[in-house]
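Each chain, written out:
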Amino acid sequence: MMDIDGIRVMIAGEGKQKADGLRMLRTAANDGDVRASVELGTLYMQGEHVDQNTEEAARWFRKAADAGDPEAQYCLGMLYEYGDGVKQDLKEAMSLYTKASERNHPGALFMRAMFLEEGISCESDVPEAMRCYEEAALRGNADSMYYMGVFAQHGLNGKDVNIPEAVEWYCRAAEHGHPEAQYALGALYEDGTGVDKDIKRSVKWYSVAAKNGSARAQCALGYLYDQGIGLVHDSAKAFEMYLMAANQGNDVGQFNVGDAYLNGSGIEKDDSEAFKWFMLSANQGNMLAMCNVGYMYQHGIGIPKKESEAVKWYKRGSEAGSELCTFNLASMYESGTGVDKDTSLAKELYLKAAEMGIEDAKARAERL
């Protein structure tokens, strides 16, 4: 049997040693060594020590998958799921995940559960999905542990709300380094939802999750720095956290960075930068950002004044459910600012804003 560990050491080397290692690996794979085929497929899929080539990865995974190797079936399933190196085929992906699941591959069990839960390329089967999630979690899959925590916390997929069970699953996932489970623990301890409120534990878990790349945790930690909750107030540190989340494409992080630039909080005030970040957030559907983009267009803050653009953004926000955008849009129609004056529509929008909780909106409607 081939010494995989020894081959890995050779491949990690340089020059002739690396070339000899790759040659030995290919020879073993061509001779039918399943472990060698999986190893070679993995190298090509990840682009590690060889040029990335997902078509080559798929070829070697197929060879091992046909021989019944669950890791190869799982990896080939992922390639079929995303159409990477092969033509996308969700049914084939599901078939491969199922085969690997029958061999209790944790990752494949998790993926099969997701397909079954959502009915992707198959009939939805939530009970079987839950069985797969739990089996994967018990076999060490951190994503499944996290999902089991979510189901228990929110009472989803036939489970009753059970916060202690959720905490147990989140803790298991967190110990495996799962950043969103770490964030979830921070949120539970911050809010005191089903557990004793403990801001120190909250800060601990947010900090770990933020370090591990959770954008939601970075936003949450930024807020605690911003408000001086459980931490010494530090606007610059808050901005740093928000920016980390924003640079990952998180809409809340982008909004908070925009807000920091607008108010000069933790960073020098810069209206044009504020507008840029609000626009990024608004384009992801953040309603507060839509309102701010509209307001900045309306008043020429950080961007040349353009009232028709303000109307556009207020409309988008209103349609998305923003009470502030609805109120502002009503005001634009009432005054004929950036749009043809229409007091009937303005009244209708004010009443809608009133129903959404804007206190002044009803009085505005009644005077029209």
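Residues numbered from 1 in each chain as written. Predicted model: local features only at pLDDT ≥ 70, side-chain atom pairs only at ≥ 80, totals over all residues. Heavy atoms only, no water.

**Thoughts on the nonpolar core**
Here's step 1: Among the nonpolar cores identified, the biggest contains 66 residues, and Leu25, Phe61, Leu76, Leu79, Tyr133 and Tyr170 are the most heavily contacted of them.
Here's step 2: Setting aside residues no more than four positions away along its own chain, Phe61 makes contact with Val38, Gly41, Thr42, Met45, Ala72, Cys75, Leu76 and Leu79.
Here's step 3: Listed in part, the 49 residues of the second largest apolar core include Ala210, Leu221, Met279 and Val293. (Core = buried A, V, L, I, M, F, W, Y, C linked by side-chain atoms within 4.5 Å. Buried < 20%, exposed > 50% of the residue type's maximum accessible area, 1.4 Å probe, protein only. Contact = heavy atoms within 4.5 Å.)

**Structural notes on the packing of aromatic side chains**
Here's step 1: Tallying each qualifying case throughout the model produces 14 aromatic pairs.
Here's step 2: With centroids separated by 5.9 Å and ring planes inclined at 35°, the aromatic side chains of Tyr146 and Tyr170 adopt a geometry described as tilted. Of this pair, Tyr146 sits in helix α9 (residues 142-154) while Tyr170 sits in helix α10 (residues 163-175), and the two are 24 residues apart along the sequence. Here Tyr146 and Tyr170 have matching classes, each one buried.
Here's step 3: Taking NZ or CZ as reference, Arg59 lies 4.4 Å from the ring centre of Trp60, over its face.
Here's step 4: When the ring centre of Trp169 is taken as reference, the NZ or CZ atom of Arg172 above it lies at 4.7 Å. (Phe/Tyr/Trp six-rings, centres within 6.5 Å; stacked < 30°, edge-to-face > 60°. Helix = DSSP H or I, 4+ residues; strand = E, 2+ residues; numbered from the N terminus. Lys NZ or Arg CZ within 6 Å of the ring centre and 35° of its normal.)

**Focus: the packing of helix α18 (residues 307-320) against helix α19 (residues 323-335)**
Here's step 1: One way to put it is that α18 packs onto α19 with a least axis distance of 8 Å and a crossing angle of 140°. In terms of orientation, α18 and α19 fall into the oblique class. Taken as a pair, α18 and α19 cross one another with a handedness that is left-handed. In this structure, α18 uses Glu307, Ala310, Val311, Trp313, Tyr314, Lys315, Gly317 and Ser318 to contact α19, whose residues at the interface are Cys325, Thr326, Asn328, Leu329, Met332 and Tyr333. (Axes fitted to C-alpha atoms, helices over the stretch in contact; angles between N-to-C directions. Parallel < 35°, antiparallel > 145°, perpendicular 65-115°, else oblique. Left-handed = near helix turned anticlockwise from the far one by under 90°.)

**Some words on the pattern of salt bridges**
Here's step 1: Tallied over the full model, the rule gives 20 salt bridges.
Here's step 2: When the shortest N-O distance is used, the salt bridge between Arg62 and Asp66 registers 3.4 Å. Here Arg62 and its partner Asp66 are both found in helix α4 (residues 54-66), 4 residues apart, which amounts to about one turn of the helix.
Here's step 3: Close ionic contact of Glu128 with Arg112 constitutes a salt bridge, the shortest N to O distance being 2.8 Å. Note that Glu128 is positioned in helix α8 (residues 126-138) and Arg112 in helix α7 (residues 106-118), a separation of 16 residues in sequence.
Here's step 4: Overall, Arg112 belongs to the buried group, its relative accessible area being 15%. (Salt bridge = Lys/Arg side-chain N within 4 Å of Asp/Glu carboxyl O.)

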